[in-house]
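Examining the three-dimensional arrangement
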Amino acid sequence: MPNKKREKDFFDYINPFTRKYVKPGIDWFLRSRIHMALVVIGIIFLVVFASLIKQTLIISLLILLGGISKIYQRYFRAQVGIEFIMLATVVTGFVYGSIVGGIVGFVTFSLATYFSGRFSHSLFPSFIMVTIVGMVSPLFNSVAVAGIVLTIIYDILLAYIYIAWFRGRIHRVLLFTLTHFFWNLYVFTKIAPSLARTLLT
């Protein structure tokens, strides 16, 4: 009777991969002491600066998240307050300190303004206030309390500025204020605490 064709197992699939990708890397590593030294230095660098690399990556991702969170305003005319700028700003400030929080707030709001396509002189107070939010967020003992309290202060001040200084329409200001507050109320009670705990570990 003819032999049955053997079914391929794990090693039948892994061996070609090993020969094509792993073996050349090992050969390169063993080729000279310089290659060995480069690999060892790279490993030491990753171990020593792992925390810094992690922090830089996380901060960059939060800035990007906050920045693109207002891109919908390019296509949606109503001024609603759904965004992740406050989350990125307060959490980074709460975890990494005032300087980082202030920088993240300013950069994130700048990026969000670019993506929204709605830059105007009336946004200048928001740039200042978001930066201050990031700087004072470490003063709180709870990231949730920090986010909610600072959102309330931010919304009240911004509403006053837009109505008193820029003669903004009350119904538009009210729409932004209410949606911004309730959105961030949800964000800082449901998302921010677990995010902050993750960054602190």
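A short tour of the structure in this document, coming up. (Residues numbered from 1 in each chain as written. Predicted model: local features only at pLDDT ≥ 70, side-chain atom pairs only at ≥ 80, totals over all residues. Heavy atoms only, no water.)

1. A look at the overall build of the chain
What counts, and what does not: Counting from the N terminus, the helices are the DSSP runs of H or I reaching at least four residues and the strands are the DSSP runs of E reaching at least two. For every accessible area listed, the method is Shrake-Rupley and the probe measures 1.4 Å; residues are considered covered only by the protein chains on display.
Within the chain one finds nine helices and zero strands. When the helices and strands of the chain are read in sequence order from the N terminus, they spell out α-α-α-α-α-α-α-α-α. A total accessible area of about 13,300 Å² is found for the chain, and carbon and sulfur atoms account for 72% of it.

2. Considering the environment of phenylalanine 181
Let me state the cut-off plainly: Under the scheme applied here, a residue whose accessible area is under 20% of the maximum for its type counts as buried, over 50% as exposed, and between as partly exposed, the area being computed with a 1.4 Å probe on protein chains only. We call two residues in contact whenever any of their non-hydrogen atoms come within 4.5 Å of each other.
With respect to the helices, strands and loops of the structure, phenylalanine 181 is situated in helix α8 (residues 170-190). Taking the relative accessible area as the measure of exposure, phenylalanine 181 reaches 21% and is therefore partly exposed. Taking the C-alpha atoms as reference, phenylalanine 181 lies 10.0 Å from isoleucine 156; in sequence the two are 25 residues apart. Once residues lying within four places of it in the same chain are set aside, the contact partners of phenylalanine 181 are Thr151, Ile152 and Asp155.

3. Some thoughts on the packing of α8 against helix α9 (residues 192-200)
What counts is decided by this rule: Every axis corresponds to a line fitted to the C-alpha atoms, with the helix fit spanning only the stretch in contact, and the corresponding angles, defined between N-to-C directions, vary from 0 to 180 degrees. Put simply, angles under 35 degrees are roughly parallel, angles over 145 are roughly antiparallel, angles from 65 to 115 are roughly perpendicular, and the rest are oblique. Amino acids are sorted into nonpolar (Ala, Val, Leu, Ile, Met, Phe, Trp, Tyr, Cys and Pro), charged (Asp, Glu, Lys and Arg) and polar (every other residue, Gly among them).
As a packed pair, α8 and α9 sit with axes 4 Å apart at the nearest point and diverge in direction by 45°. The pairing of α8 with α9 is recorded here as oblique in orientation. Seen from α8, the contacting residues are Val187, Phe188, Thr189 and Lys190; seen from α9, they are Ala192, Pro193 and Ser194. For the contact of α8 with α9, the per-class residue count stands at four nonpolar, two polar and one charged.

4. Examining helix α4 (residues 85-96)
The following threshold applies: Expected helix span is given by 1.5 Å per residue-to-residue step, counting one fewer step than there are residues.
Across its twelve residues, α4 extends 16 Å between first and last C-alpha, which sits within 8% of the 16 Å expected from 1.5 Å per residue. When we look at burial in α4, the residues that qualify are Ile85, Met86, Leu87, Ala88, Thr89, Val90, Val91, Thr92, Gly93, Phe94, Val95 and Tyr96. The inward-facing, buried residues of α4 contact α3 (50-68), α5 (98-116), α6 (124-136), α7 (143-164), α8 and α9. The positive-phi residue at the C-terminal boundary of α4 is glycine 97, with phi of around 110°.

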